[in-house]
Amino acid sequence: MKKIFFALMMLIFFSACKSGGDKTNYDQMAKDLCSCMRPLADVNEKIQDLVREGKTNEVAELFAEVEKIASEGEICAKSLEEKYGMVEGESEVKATAALKKNCPDIARMLEQSEAAGQ
């Protein structure tokens, strides 16, 4: 579920951000997306640690929290859509670069999620 949400957030971000030429502040867009996704990224990291430790019961107990955080993240992402509009073509490349620069951990998780097809 968390991978699906990461992919959804990336799609929302890139389809939600306005192509404003040189006036677009890609760093701010990336920072805004990072703020939306930080709680989910943190719980994802926590889950990965628990999985490595073999603590499957603790992982299962986090699912309700993940759903709540994912819901809050969706609301936050929708606010970005209202704030920035659409990103396409060259603007998408710039937005991706800004995301990698401003929060590489989240960019990496989104890329992994996209590569996994989720």
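Everything discussed here concerns the structure shown above.
Now for a look at the structure at hand. All chains use their own residue numbering, which begins from 1 and follows the written sequence. A pLDDT threshold of at least 70 governs which residues receive local features in this predicted model, and a stricter bar of 80 or more applies before side-chain atom pairs are shown or counted, although totals over entire chains, interfaces and linings include all residues. Side-chain measures were taken over the full set of non-hydrogen atoms in the model, leaving aside hydrogen atoms and water.

Two cysteine sulfurs form a disulfide in these notes if their separation is within 2.5 Å. Within the structure shown, the criterion is met by two disulfides. A disulfide bridge connects C34 with C103, and the sulfur atoms are separated by 1.6 Å. The S-S bond linking C34 to C103 shows a torsion near -60 degrees; that makes this disulfide left-handed. With C34 in helix 2 (residues 26-52) and C103 in the loop between helix 5 (90-102) and helix 6 (104-115), this pair connects stretches of sequence that are 69 residues apart. Exposure class is identical for C34 and C103. Each is buried. In DSSP terms, a helix is any run of H or I states spanning at least four residues, a strand is any run of E spanning at least two, and both are numbered starting from the N terminus. Relative accessibility under 20% of the residue-type maximum defines a buried residue, over 50% an exposed one, and the middle range a partly exposed one, all with a 1.4 Å probe and only protein chains included.

Below, the discussion takes up the packing of helix 5 against helix 6. As a rule, the C-alpha atoms of each element are fitted with a line to give its axis, helices using only the stretch in contact, and angles between N-to-C directions run from 0 to 180 degrees. At their nearest, the axes of helix 5 and helix 6 sit 5 Å apart, and the two run at 125 degrees to each other. Our classification of the angle between helix 5 and helix 6 gives oblique. Facing L99, K100, K101 and N102 of helix 5, the residues of helix 6 in contact are P104, A107, L110 and E111. Throughout this description, any angle smaller than 35 degrees is read as roughly parallel, any larger than 145 degrees as roughly antiparallel, any in the 65 to 115 degree range as roughly perpendicular, and the remainder as oblique. Contacts were defined at the residue level, with two residues in contact if any of their heavy atoms lie within 4.5 Å.

Direction vectors running N to C along helix 2 and helix 4 (residues 63-84) enclose 170 degrees, while the axes themselves pass 10 Å from each other. The angle between the axes of helix 2 and helix 4 places the two elements in the roughly antiparallel class. Within the contact between the two elements, helix 2 uses Q28, M29, D32, L33, C36, P39, L40, V43 and I47 and helix 4 uses E65, V66, I69, A70, G73, C76, A77, L80, K83 and Y84. Here the residues of the contact of helix 2 with helix 4 sort into 14 nonpolar, two polar and three charged. Classes in brief: Ala, Val, Leu, Ile, Met, Phe, Trp, Tyr, Cys and Pro nonpolar; Asp, Glu, Lys and Arg charged; the others, Gly included, polar.

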